[in-house]
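# Breakdown of the fold
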Amino acid sequence: MKPIVKTSRRDFIRTGSIAAGALMLGPALSQLALAKPGKRLGVALVGLGSYAGGQLAPALQHTKNCYLAGIVTGTPAKATTWAKKYNIASKNIYNYQNFDEIAGNPDIDIVYVVLPVSMHKEYTIRAARAGKHVICEKPMALNAAECRDMIAACKKANRLLSIGYRLHFEPHTQEVMRLGQKQVFGKVTQIDTGNGFTYNGDPNAWRLKKAMAGGGGLMDMGIYAIQGSRYTLGQEPIAVKARQEKTRPQLFKDVDETVFWELKFPGGQKVTGKSSYNHDWSYLRARAEKGTFELQPAYGYDGLDGKINGKPMQIPNIIQQAAQMDDFATCVTLKKQSRVPGGEGLKDMKVVDAIYRSLDSGKWENI
C-alpha cells in the first residue's frame, strides 16, 4: 500500500510508531555494551524541529546509556513545553545566544546538532570547543570542505564526532551489509536504489533554500541511497555521472527536485541511484552472482522490510535512534570511535559534491 504523503519528509519516511518499535526493541538493544553502572550520559538536543520532537526525544525515553538532559532553542514557548514534558531543569535550557555557556554544565556530555544544514558546521565546532562530544545530523554539512573543518575541530578539542546515520544500527540494514560485504551469494554485480517523497509543504521552508539546505532532494533524501550503495558493497565509489529533471520549477527554483546517477566502483559493479522531492521512493535492490536481496522500505525510521532470494527476512524492527544514541554513549564512555564518525559523513559529501559537479558538466566526475 502506498504511504500517505505528509508535508514533512521526516513524517513521510516514518513508517511506524515509536510505541510499535519499542515492543520489538529488546533483543537488539540488549546487545549494546552498557555505560558504567549508574552513569547515563546527558544529551542536549540543539534545534527542536520535527525530527528532534518526533523521533529523538521519544527515542531518548528508551535509551539505556544516555538520557535527554538539555535543549537548545530560539523559541521560548518550545523551551517551556519541552521542560514540562520531559522534566528538563531550567539550568539545562539554552538559546543560540548563550549556547557556549554549556561548557560549564556537567549534566551535558553529548550535544546532538539537529539544525538546518547550513548551521551544522558552526554548532558542531562550538560544541566541541565547549568540551562536548557531538552527534551531527545528516547531511553532515553543505559540502566536503565544511566536513573537513568539523572533523579537524573535534580532533583538536579531543572530542568524538558521530553523524546521525541511524541505519547502521538497524538490523535489516546490517543484514544487507553482511550479505553484500561478505559476498554471501558471491560478488554483488548490480545495485539499484532510490529515496524520495512528494513535497507538498511550505514553499518557503528552509530545505527549499539552497543557502540553508545546500541542495534539495539529493542532500535530504539522496544521501541515504548513496549510503546504501556504499555500505552494501563496503567500497568507496571513484566516479559518478548524473542528470536531473524538474517538473515543478516554481517550487524547486532554488534546489534540485529529482536526480538520477550512476556510480563507478573499483569492483566494476553496475550501481544506479536516484533521489527526489517529487516521487515516493524507498528501496534498495542488490543482485549478486548467486542470489538477490532487497529492502523496501529501505530508509524509513522504523518498519523496514526486506527479502533474500524473494523470501521475507523476518527480522524485527527496533527504535533506530535509541540504538544509535546508546551506541555513541558507549563509545564516549569507552573512549572509542563511533562506527559512523565524521569521516563517514565526509565520504558521502564527497559523492554529493561530485554529483552536483556532474549535473553542471554533464560528464563523469571523479570523486
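In what follows, the structure referred to is the one given above.
Basis of the calculations
The written sequence of each chain sets the order in which its residues are numbered from 1. With pLDDT at 70 or above as the cut-off, local features in this predicted model cover only qualifying residues; side-chain atom pairs require 80 or more to be listed or tallied, and sums for whole chains, interfaces and linings still use all residues. The basis for every side-chain value is the complete set of non-hydrogen atoms in the structure, without hydrogens or water. Residue burial is assigned from relative accessible area. The probe radius is 1.4 Å, only protein chains are included, and a residue is buried under 20% of its type maximum, exposed over 50%, and partly exposed in between. Secondary structure elements follow DSSP: runs of H or I no shorter than four residues count as helices, runs of E no shorter than two count as strands, and numbering proceeds from the N terminus. At least two bridges found by DSSP between two strands is the condition for calling them paired. Only heavy atoms enter the contact rule, under which two residues are in contact if any of them lie within 4.5 Å. Between rings of Phe, Tyr and Trp, where Trp is taken as its six-membered ring, a pair exists when centres lie within 6.5 Å; planes separated by under 30 degrees are stacked, by over 60 edge-to-face, and by other angles tilted. In this scheme, Lys NZ or Arg CZ marks a charge over a ring once it lies within 6 Å of the ring centre and within 35 degrees of the ring normal. The set of buried Ala, Val, Leu, Ile, Met, Phe, Trp, Tyr and Cys residues whose side-chain atoms join them within 4.5 Å is what this entry labels a nonpolar core. For helices, the fitted axis covers only the stretch in contact; all axes are lines through C-alpha atoms, and the angles between them, taken along N-to-C directions, range from 0 to 180 degrees. Roughly parallel covers angles under 35 degrees, roughly antiparallel covers those over 145, roughly perpendicular covers 65 to 115, and oblique covers all other angles. By convention, the crossing between two helices is left-handed when the near helix turns anticlockwise from the far helix through less than a right angle, and right-handed when the turn is clockwise. Here a polar contact means two N or O atoms within 3.5 Å. Within protein one must be a hydrogen donor candidate and the other an acceptor candidate, and residues neighboring in sequence count only if both atoms are side-chain atoms.

## Considering helix α4 (residues 50-59)
Burial runs high along α4: 7 of the 10 residues are buried. Along α4, the positions that sit buried rather than exposed are Tyr51, Ala52, Gln55, Leu56, Ala57, Pro58 and Ala59.

## Focus: the sheet that holds strand β12 (residues 291-295)
Across the sheet, which stays open at both edges, the 9 strands sit in the order β14-β13-β12-β11-β7-β10-β9-β8-β15 with mixed pairing between neighbours. Two strands lie at the open edges of the sheet, namely β14 (311-312) and β15 (365-366), each paired on one side alone. Relative to strand β10 (residues 270-276), strand β9 (residues 258-264) is paired through 7 bridges, and the arrangement is antiparallel. Its bridge partner being in β10, Leu263 is matched across the sheet by Val271.

## Comments concerning unusual backbone geometry
The omega angle of the peptide bond from Lys138 to Pro139 is -15°, so this bond is cis rather than trans. Tracing the chain through its elements places Pro139 in the loop between β5 (133-136) and α7 (144-156). In this model, Gln296 is joined to Pro297 through a cis peptide bond whose omega is 0°. Within the fold, Pro297 resides in the loop between β12 and β13 (306-308). Phi at Asn87 is positive, roughly 55°, even though this residue is not glycine. Of note, Asn87 is situated in the loop between α5 (76-86) and β3 (93-94).

## Regarding the side chain of Thr124
Its location among the elements puts Thr124 in helix α6 (residues 120-129). With relative accessibility at 0%, the residue Thr124 sits in the buried group. Setting aside anything within four residues of it in sequence, one finds Thr124 in contact with Val113, Val134, Cys136, Met150, Cys154 and Leu161.

## Here we look at the packing of aromatic side chains
According to the stated counting rule, one finds 10 aromatic pairs in the structure shown. Centroid distance Tyr96 to Tyr123: 5.6 Å. Interplanar angle 75°. Geometry classified as edge-to-face. Here Tyr96 is found in the loop between β3 and β4 (110-113), whereas its partner Tyr123 is found in helix α6, with 27 residues between them in sequence. Ring centres of Tyr224 and Tyr299 lie 5.9 Å apart, and the angle between their planes is 40°; this geometry places the pair in the tilted category. Of this pair, Tyr224 sits in helix α10 (residues 217-233) while Tyr299 sits in the loop between β12 and β13, and the two are 75 residues apart along the sequence. Tyr299 matches Tyr224 in its accessibility class, with the two residues each being buried. Linked through ring pairs, Phe197, Tyr199, Phe252 and Tyr277 together constitute an aromatic cluster. Lying over the aromatic face of Phe260, Arg243 brings its terminal NZ or CZ to 4.2 Å of the ring centre. For the cation-ring pair, Lys274 lies above Trp281, with the distance from its terminal atom to the ring centre recorded as 4.3 Å.

## What about the nonpolar core?
The biggest cluster of nonpolar side chains holds 69 residues, and the ones touching the most others in it are Phe99, Ile102, Val111, Leu161, Trp261, Tyr299 and Ile355. With 8 residues, the single largest contributor to this core is α10. In this structure, Leu45, Tyr86, Ile135 and Cys331 belong to the second largest nonpolar core, which totals 29 residues.

## Observations concerning the packing of α7 against helix α12 (residues 342-361)
Between α7 and α12, the shortest axis-to-axis distance is 8 Å and the interhelical angle comes to 165°. One element, α7, and the other, α12, form an angle in the roughly antiparallel class. Between α7 and α12 lies a crossing of left-handed hand. On the side of α7, the interface is formed by Ala144, Cys147, Arg148 and Ile151, while α12 contributes Gly342, Gly343, Gly345, Leu346, Met349, Lys350 and Asp353.

## A closer look at the side chain of Asn278
With respect to the secondary-structure elements, Asn278 resides in strand β11 (residues 278-288). Classification of Asn278 as buried rests on a relative accessible area of 17%. In this structure the side chain of Asn278 is engaged in a polar contact, spanning 3.0 Å, whose partner is the side chain of Thr247. A polar contact of 3.3 Å, which involves the side chain of Asn278, links it to the side chain of Glu257. Residue contacts for Asn278: discarding those within four places in its chain leaves Phe197, Thr198, Thr247, Arg248, Glu257 and Thr258.

## Points about the sheet that holds β3
Taken together, the 6 strands give an open sheet; going across it, the order is β3-β2-β1-β4-β5-β6, and neighbouring strands pair in parallel fashion. The open sheet is flanked by β3 and β6 (161-163), the only strands paired with a single partner. Two elements, β5 and β6, share 3 bridges in a ladder whose sense is parallel. Note that in β6 the partner of Cys136 across the bridge is Ile163. Contacts between helix α11 (residues 320-334) and the sheet are confined to β1 (41-46), β2 (66-72), β4, β5 and β6, with β5 contributing the most and set at about 155° to the helix.

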